[in-house]
Amino acid sequence: MPRVSLGERVLALRAQREAAHRRRRSRTVARRDGVRCEVDGRELLNFCSNDYLGLAQHPRMIAALRDAAGEGAGSTASHLVCGHGAQHAALETELADWLQAPRALLFGSGYMANLAVVQALLGDGDACVQDKLNHASLIDAARLAGCAHKRYPHADADAAGRQLASHADGAALLASDGVFSMDGDVAPLRALARIAREGQATLYVDDAHAVGVMGNAGRGSIDAAGLDGNDVPLRLVTFGKALGSAGAAVIGDADLIAHLAETARPYIYTTALPPAQAAATREAVRIAREGDDLRERLHANIDRLKSGARARGLRLMASETPIQPLLVGDDANALAMAAALEASGYWVAAIRPPTVPEGGARLRIALSAAHDARQIDALLDALSRARDVVMA
Ligand SMILES: *Cc1c(COP(=O)(O)O)cnc(C)c1O
């Protein structure tokens, strides 16, 4: 085969994406003030962020960052060299205490944490069994780990059981998102816990979208399902969503986590989070833990959006979480709906394949405790108008 020019290849692929309405562009947020932001010189109401509790600019979070600023802008090294400071150690202790687990281990991001878990625990001869709609980082993790990779149809615990049974040798991880990031539905965790027990697999729950939002004291989907660390020996918590910060932690069984801390490449070969970032996350944990009022406001907003959508004949997907998708189907229509909403002053993300399955393009409406009733009603009116124009 002749040598291929990468320059020509990327231009051809870009033209293909253009024709398929699959270009992706980041927008620059010039100014952000809670759910209001300025983009391209216009003020938009933000309905696409994952800041579910409105903590990213919370005065207590900013004060925590400022108070820890003297500790420096960087941690200076990886955890195992000399980057692990008092803020990191305290954050790990406080996370384990909040989530009632033996140990927590910090990571630079949720993406890296998922790579670490699968790669450090599984290899040749082992199996990672996971939901088809799991986050891309879990899919990539299994691809990179060199284990058998088995994906079961969305939320089908019995199919997960059959996958486990078909790979009865070696170790097995059964991995699921707690709340699915593009659908907003909750995994059948009680059934998955039973299947994992029967199949002698370790259940791993990626709780990026549920911690802070669901369960007693915001402990997440595992607590909401009435399960604990015996059922789910490992879970992922990310700090960039409801906690309004950045970074992640794997939480659970002390021996499994000790193994990650000594062997996981995405833990060892990367710089620890800046200490002030860890300090801000500690404050986020305190706010989220005591944040029943924030969760009440968030859930009132979810109820208001759902009932308002029903009244206007807008068919949202079945979800009780802050992720409330409106299935559109066609990529171009999803983009046109998002553009119409933006013209009315609302920022809602159009999610297209390959992030979602083919034919599954949608508007992913994300709610926050920081929205108010009037803003939600106004979004609903704008959604009805956009639908009438685009889908006519
Ligand atoms: C966002 C997300 C991640 C990645 O977390 P980051 O800290 O943003 O890298 C992992 N899993 C799920 C389900 C997510 O939604």
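Since the structure is predicted, the reported quantities are computational estimates derived from the model, not experimental observations. (Residues numbered from 1 in each chain as written. Predicted model: local features only at pLDDT ≥ 70, side-chain atom pairs only at ≥ 80, totals over all residues. Heavy atoms only, no water.)

1. Remarks on the overall build of the protein
Then comes step 1: Secondary structure assignment for the protein yields 15 helices and 14 strands.
Then comes step 2: A compact globule built from 392 residues should have a C-alpha radius of gyration of about 21 Å, and the protein, at 21 Å, falls within 12% of that.
Then comes step 3: Its C-alpha atoms put the protein at 55 × 55 × 50 Å along the principal axes.
Then comes step 4: Counting every position in the protein, which comprises 392 residues, the buried fraction comes to 52%.
Then comes step 5: Element-wise, carbon and sulfur atoms account for 50% of the exposed surface of the protein, whose accessible area totals about 17,400 Å².
Then comes step 6: A distance of 6 Å separates the average location of the 44 positive side-chain charges in the protein from that of its 46 negative side-chain charges. (Helix = DSSP H or I, 4+ residues; strand = E, 2+ residues; numbered from the N terminus. Rg over C-alpha atoms; globule rule 2.2 N^0.38 Å. Buried < 20%, exposed > 50% of the residue type's maximum accessible area, 1.4 Å probe, protein only. Areas by Shrake-Rupley, 256 points an atom, 1.4 Å probe, with all protein chains shown as cover. Lys, Arg positive; Asp, Glu negative; His and termini not counted. Charge placed at Lys NZ, Arg CZ, Asp CG, Glu CD.)

2. With respect to the pattern of salt bridges
Then comes step 1: In this structure the tally under the stated criterion is 23 salt bridges.
Then comes step 2: One salt bridge in this structure joins D292 and R295, with 3.0 Å as the shortest N-O distance. Taken together, the positions of D292 and R295, both in helix α13 (residues 292-311) and three residues apart, correspond to about one turn of that helix.
Then comes step 3: Judged by its relative accessible area of 6%, R295 falls in the buried class.
Then comes step 4: Here the salt bridges share partners, and the residues they tie into one network are R60, E94, R282, E283 and R286. (Salt bridge = Lys/Arg side-chain N within 4 Å of Asp/Glu carboxyl O.)

3. Topic: the site of the ligand
Then comes step 1: For the ligand, the set of nearby residues contains 13 residues, the closest of which are G110, Y111, D206, H209 and K241.
Then comes step 2: One of the backbone N or O atoms of G110 is found 2.7 Å from an oxygen atom in the ligand.
Then comes step 3: At 2.7 Å from an oxygen atom of the ligand is found a side-chain nitrogen or oxygen belonging to K241.
Then comes step 4: For the ligand, whose free accessible area comes to 380 Å², the fraction covered by protein is 83%.
Then comes step 5: Across the shell around the ligand, the residue classes break down as two nonpolar, eight polar and three charged. (Near = heavy atom within 4 Å. Polar contact = N/O pair within 3.5 Å; in protein donor to acceptor, adjacent residues only side chain to side chain. Nonpolar A, V, L, I, M, F, W, Y, C, P; charged D, E, K, R; others polar.)

4. Thoughts on the sheet that holds strand β3 (residues 42-46)
Then comes step 1: Here four strands make up an open sheet; going across it, the order is β1-β2-β3-β12 and the pairing mixed. The sheet is open, and its two edges are formed by β1 (29-33) and β12 (346-347), each paired on a single side.
Then comes step 2: Judged from the two bridges that link them, β3 and β12 form a sheet pairing that is parallel. Paired with N46 across the bridge in β12 is W347. (Pairing = 2+ DSSP bridges.)

5. Here we look at the nonpolar core
Then comes step 1: Ranked by size, the top nonpolar core spans 61 residues in total, and within it F47, L95, W98, F239, L341, L363 and L379 carry the most contacts.
Then comes step 2: The element contributing the most residues to this core is helix α15 (residues 373-390), with seven residues.
Then comes step 3: Split by domain, this core shows at least three residues from each of two domains, domain 1 (22-53 + 292-390) and domain 2 (59-289).
Then comes step 4: With residues near it in sequence (within four places) discarded, L341 still touches Y346, V348, L363, L379, A382, L383 and A386. (Core = buried A, V, L, I, M, F, W, Y, C linked by side-chain atoms within 4.5 Å. Domains from an automatic or database assignment. Contact = heavy atoms within 4.5 Å.)

6. Thoughts on the side chain of D206
Then comes step 1: Its place among the elements puts D206 in strand β8 (residues 202-206).
Then comes step 2: Ignoring any residue separated from it by four or fewer positions in sequence, one finds D206 in contact with N114, H135, L138, S176, D177, G178, V179 and L236.

7. Remarks on the domain arrangement of the protein
Then comes step 1: Splitting the protein by domain gives domain 1 (22-53 + 292-390) and domain 2 (59-289).
Then comes step 2: Here the C-alpha centroids of domain 1 and domain 2 sit 27 Å apart.
Then comes step 3: With 22 residues of domain 1 at the interface, the matching set in domain 2 holds 21 residues.
Then comes step 4: In this assembly, domain 1 packs against domain 2 so that about 1,500 Å² is buried in total across both faces, 61% of it on carbon and sulfur atoms.
Then comes step 5: Put simply, domain 1 and domain 2 have one salt bridge between them.
Then comes step 6: One salt bridge connects R362 with D183, and the closest N-O pair in it is separated by 3.1 Å.
Then comes step 7: Put simply, the parts of the chain that give the side of domain 1 that touches domain 2 at least two residues each are α13, β11 (323-329) and β14 (361-366).
Then comes step 8: Considering each element in turn, the side of domain 1 that touches domain 2 owes the most residues, four residues, to α13.
Then comes step 9: The class makeup of the residues in the side of domain 1 that touches domain 2 is 12 nonpolar, five polar and five charged. (Buried area = accessible area lost by both parts, 1.4 Å probe.)

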